[in-house]
Amino acid sequence: MKKEKRSSRGKNLTYVLLVLAVVFLLGSAVGSTRAALNYYSENYTAQIVVSQIGVQLNENGKLVSSRDYDKDEWVTTTNDSKSKEATYGKLLQNMIPKGEKLALNKVYEEKLTVKNSGDIDEYVRVRIYKYWMQNGKKVTTLSPELIDLKLVNEGQWVNYTEWLKKQGYEYEENGECTELYYKGILPAGKETIEFADGIRIDGSIALEAKAETKGNIITTVYKYDGAEFHVDVEVDAVQTHNAQDAIRSAWGIDAQALGIL
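Residues numbered from 1 in each chain as written. Predicted model: local features only at pLDDT ≥ 70, side-chain atom pairs only at ≥ 80, totals over all residues. Heavy atoms only, no water.

> Which residues make up the pattern of salt bridges, and what values do they have?
Throughout the structure, instances matching the rule amount to 10 salt bridges. One salt bridge connects Glu109 with Lys111, and the closest N-O pair in it is separated by 3.6 Å. Note on Glu109: relative accessible area 48%, which makes it partly exposed. The partly exposed category is assigned to Lys111, whose relative accessible area is 34%. One salt bridge in this structure joins Lys138 and Glu176, with 3.2 Å as the shortest N-O distance. (Salt bridge = Lys/Arg side-chain N within 4 Å of Asp/Glu carboxyl O. Buried < 20%, exposed > 50% of the residue type's maximum accessible area, 1.4 Å probe, protein only.)

Listed below in structure tokens is the structure:
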């Protein structure tokens, strides 16, 4: 049996010449998430124009965050209208209609796409992290699988974990991280097909409970009381020049074997 060992949050390789801008956002309540955008451009020859690379994460047809290198400086745009200096976009702001509370097992609209906001073509990867937080700490007793982000268009987006399984690899995973690779080149100015279209909190979370007895009083305490679910979305872009080597350097994969070239 072949084995593949990869960290769910692998470090960028030291020979990536230019790691451009990491943008994170973190919400603090149910319905709030974090988004991150990473940008890569490999300077293999003098002809590579790194000043034109850019990428953007969209949610339900609207911008969450974008970052582009233009005229020797980074230009960041987010959906945080409260701060002109914001480097963080915000997901799921309108997930729950006003006046309503989160309903378990209900599917909420969450259409996620990536747009090439630069002037050069690129390859795109998306990393999705799902986890629970409580009192400022990660909760390991609640499964990430209870956060059901509805992934779609598997013919266009390659799920790396599923691909490894089909190849016969043993993949060490905890359900927290999912890697998706977009098949083919994303041309400048174009947008990908959706990689997700909904989100649901599994109702079985209500079964995660224990009974506490004080005297003659028995109280049911749910593990998710006070917990926050988090979904981090991380987008990477790699330029198309020397694509096979560039992708191997930035992402550590064989792009041809994976079928994304």
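> Which residues make up helix 2 (residues 243-251), and what are the values?
Across the nine residues that make up helix 2, a large majority, seven, are buried. For helix 2, the set of buried residues is Ala243, Gln244, Ala246, Ile247, Ser249, Ala250 and Trp251. Where helix 2 terminates, the next one or two residues include Gly252, which has phi positive at roughly 70°. (Helix = DSSP H or I, 4+ residues; strand = E, 2+ residues; numbered from the N terminus.)

> So what about the environment of Leu207? Which residues, and what values?
Structurally, Leu207 can be placed in the loop between strand 14 (196-201) and strand 15 (209-214). Each C-alpha atom, one on Leu207 and one on Tyr224, is 9.8 Å from the other, the two residues being 17 residues apart in sequence.

> Can you tell me about a negative patch on the surface, naming the residues and giving the values?
Together, Asp70, Asp72, Glu73 and Asp119 line one region of the surface with negative charge. The topology assignment puts Asp70 in strand 5 (residues 62-70). (Patch = residues over 30% accessible without salt bridge, like charges linked within 9 Å, V, L, I, M, F, W, Y side chains within 5 Å. Areas by Shrake-Rupley, 256 points an atom, 1.4 Å probe, with all protein chains shown as cover. Lys, Arg positive; Asp, Glu negative; His and termini not counted. Charge placed at Lys NZ, Arg CZ, Asp CG, Glu CD.)

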